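Structural overview for review
Chain by chain, the residues run as shown.
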Amino acid sequence: MKKNLIGLIWGEASYNISSILYSSVITAFFLQLGINNTQIGLIWSLVLFSQMIFDYPTGSFADKYGRLRIFTIGMIFMGIATVIIANSYNIFMLYISGILLGLGESQVSGTLFPWFVNSIDIENNKEKQEYIFKINAQNQFLTNVIGILTGFIISFFNINYKTLLIISGTLYILNGIFIYFIFEDNKSNETDLIKIGKKSLLFFIKERKLWIYTLALTSSYSFHSIYLFIWQPIGKSLGITGSRLGSVYSLYLICFAISAFISKRNIQEFVYILCTTLIPISLIIIYCSHNLILYLVGIGSLGFNYKMAMLKIMGTIHNFISNEVRSSVISLVSSLSSVFLIGLQIIIGKILDIGSFFYLQILCIFIGIIYIICILLIQKWMREANGK
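Residues numbered from 1 in each chain as written. Predicted model: local features only at pLDDT ≥ 70, side-chain atom pairs only at ≥ 80, totals over all residues. Heavy atoms only, no water.

1. Topic: the overall build of the chain
Our working rule: Secondary structure follows DSSP: runs of H or I at least 4 residues long count as helices, runs of E at least 2 residues long count as strands, and numbering of each begins at the N terminus. Computation of the radius of gyration draws on C-alpha atoms alone. For the globule rule, the value is 2.2 Å times the number of residues to the power 0.38. For every residue, the accessible area obtained with a 1.4 Å probe (protein chains only) is divided by the maximum for its type, and the residue is called buried under 20%, exposed over 50%, and partly exposed between those limits. Contact between two residues is taken to exist if any of their heavy atoms lie within 4.5 Å; hydrogens are not considered.
When helices and strands are tallied, the chain shows 15 helices and zero strands. Expected size for 388 residues packed as a compact globule is a radius of gyration near 21 Å; at 20 Å, the chain falls within 12% of this value. Across its three principal directions, the C-alpha atoms of the chain cover 55 × 45 × 35 Å. In the chain, which comprises 388 residues, the proportion classed as buried is 57%. In the chain, the share of contacts with a sequence separation of at least 24, taken over all contacts with a separation of at least 6, comes to 88%.

2. Thoughts on the nonpolar core
Defined as follows: Here, nonpolar core means buried Ala, Val, Leu, Ile, Met, Phe, Trp, Tyr and Cys residues that are tied together by side-chain atoms lying within 4.5 Å of each other.
Within the largest apolar cluster, 110 residues are counted, with the highest numbers of intra-cluster contacts made by F30, W44, Y227, I230, I313 and Y371. Ranked by residues supplied to this core, first place goes to helix α10 (residues 209–237) with 13 residues. Sequence-distant contacts of I313, that is, excluding residues within four places in its chain, are made with Y213, A216, L217, Y371, I375 and I378.

3. Brief notes about the packing of helix α3 (residues 37–65) against helix α5 (residues 91–108)
Defined as follows: Only C-alpha atoms enter the line fits that serve as axes; for helices the fit covers just the stretch in contact. Angles between N-to-C directions range over 0 to 180 degrees. By the definition used in this description, the sense in which the near helix is turned from the far one sets the handedness, with an anticlockwise turn below a right angle giving left-handed and a clockwise turn giving right-handed. Following the grouping adopted for this structure description, the nonpolar residues are Ala, Val, Leu, Ile, Met, Phe, Trp, Tyr, Cys and Pro, the charged ones are Asp, Glu, Lys and Arg, and the polar ones are all others, Gly among them.
Here α3 crosses α5 at 30°, and the two axes come no closer than 7 Å. Read as a crossing pair, α3 and α5 show a hand that is right-handed. Contact with α3, carried on its side by L42, I43, L46, V47, S50, Q51, F54, D55 and T58, involves I91, L94, Y95, G98, I99, L101, G102, L103, E105, S106 and Q107 of α5 and no other residues of that element. Considered class by class, the residues forming the contact of α3 with α5 number eleven nonpolar, seven polar and two charged.

4. A look at the side chain of T150
As a reminder, the rule being used: For the purposes of these results, a polar contact is taken to be a pair of N or O atoms within 3.5 Å, where, inside protein, one atom must be able to donate a hydrogen and its partner to accept one; residues adjacent in sequence count only when each atom of the pair is a side-chain atom.
Along the chain, T150 falls in helix α7 (residues 125–155). At 2.9 Å, the side chain of T150 and the backbone oxygen of I146 are in polar contact. Those residues within four positions of T150 in sequence are excluded, and the remaining contacts are I17 and L21.

5. Concerning helix α13 (residues 292–314)
Residues separated by three or four positions in an α-helix point in the same direction, a consequence of the helix having 3.6 residues per turn. For the record, the criterion: Given a helix with a known number of residues, its expected span is that number minus one, times 1.5 Å.
Between its terminal C-alpha atoms α13 stretches 32 Å, which fits the 33 Å expected from 23 residues at 1.5 Å a residue. N-capping of α13 is provided by N291, with a side-chain oxygen placed 3.2 Å from the backbone N of I293.

6. Quick notes on a nonpolar patch on the surface
The cut-off we apply is this: Only residues whose relative accessible area exceeds 30% and that form no salt bridge are eligible for patches; like-charged ones are grouped when within 9 Å, while nonpolar side chains (Val, Leu, Ile, Met, Phe, Trp, Tyr) are grouped when within 5 Å. All accessible areas in this document rest on Shrake-Rupley with a 1.4 Å probe, and a residue is counted as covered only by the protein chains that are shown. By convention in these notes, a salt bridge is any Lys or Arg side-chain nitrogen within 4 Å of a carboxyl oxygen on Asp or Glu.
A cluster of nonpolar side chains, namely V145, L149, F152, I153, F156 and F157, defines an oily patch on the protein surface of about 620 Å² accessible area. In this structure, V145 sits in helix α7. Exposure remark for V145: the relative accessible area of 30% places this residue in the partly exposed category.

7. Things to note about the packing of aromatic side chains
Rules: What counts as a ring pair is set by centres within 6.5 Å for rings of Phe, Tyr and Trp (its six-membered ring), and what kind of pair is set by the plane angle: stacked under 30 degrees, edge-to-face over 60, tilted for all other angles.
Summed over all chains, the structure comprises 18 aromatic pairs. Residues W231 and Y249 carry aromatic rings whose centres are separated by 5.7 Å and whose planes lie at 40° to one another, so their mutual orientation is tilted. Of this pair, W231 sits in helix α10 while Y249 sits in helix α11 (residues 245–263), placing them 18 residues apart in sequence. In terms of burial, W231 and Y249 fall into one category: buried. Ring geometry for Y287 versus F357: centroids 6.0 Å apart, planes at 10°, classification stacked. Of this pair, Y287 sits in helix α12 (residues 269–288) while F357 sits in helix α15 (residues 357–387), and the two are 70 residues apart along the sequence. Among the residues examined, F357 registers a relative accessible area of 28% and is labelled partly exposed. One aromatic cluster in this structure is built from Y227, W231, Y249, Y252, F256 and Y306.

8. Describing the environment of L302
Locating L302 in the fold gives a position in helix α13. Distance in space between the C-alpha atoms of L302 and I286 is 8.9 Å, their sequence separation being 16 residues.

9. Comments concerning the side chain of Q51
Summarising the element assignment, Q51 is placed in helix α3. In this structure, Q51 is in contact with G102, E105, S106, S109, S334 and S338, ignoring residues within four places of it in sequence.

Honestly, that's just the spatial picture; any functional story needs more than this.
See below:
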């Protein structure tokens, strides 16, 4: 189990490093190519549509053929897609790379952490719940520290957007292959893909708590989508350009790491509600920033509060899923969470193109209310589970 913990941290950290290199510049790179926000929204929609289509079946493949094997394939697809993006010379190449990126992300999501959870040999249910939540927080803390260092390191070099994307894609591929050959894979005892699919679908339908988790993830991903659209253009307008955007992303990850460190302790329930409430407020602060200090405050606040809420979701969802269909169910939840986001990407892009701050506010507040309700329900279920 300890070796698998190292594998979990290595896999998450390597994925995080590549994602930081990619996420730090991707929106700025698109804008540099002359693409408007609506077109960027369409690219993100293709990523999400591809992820939604392939997410559920790849979860079943992971349960049958091995979770690490599918994780590796996903990392390779993401690496190829990122390199294609870096070398794209027309919008159609970006659309194709978006589809490949979504395919890769569908294989990466719902494989690595279920691979680790499946190796846990703790019999007591309550102890296992506490261990999963603790390990999730610890893993997030360590991998975010590595991500912070990565962001600060690249900020000291004048590296152009294209080069950063090529480095990101290469690391995706190399680390994906490395983890597969170093760590032992695991899979479900069920080998029939159709049976796995049916089992996971029936499990999801019967376990209605997973419906709320799906809605919570939809809300979280919606906020992240808005963040991806606005933080780089606003940063550039305030004088932060090139690889120096990595230092801003490091600040974001520092707040990730702080929240992960704090969440390992016994946190009062109202703290999670407060953090969820502050997410839309932080996004509005970022968008309205006219000076660097206010912008950085918004980035830091969003990083801390967004991660706190996500840790609550991802640290508890596995308590309601069987080992036999763990990857399949997580993939199904992830897939369903992406449905609403497909159209939302284009809507966000259109709102930003017309510069409508009012509609952006309304969107953030609406999503925030839904998110708060979901977190309240999750907290209620955890109290009930711990009281048994």
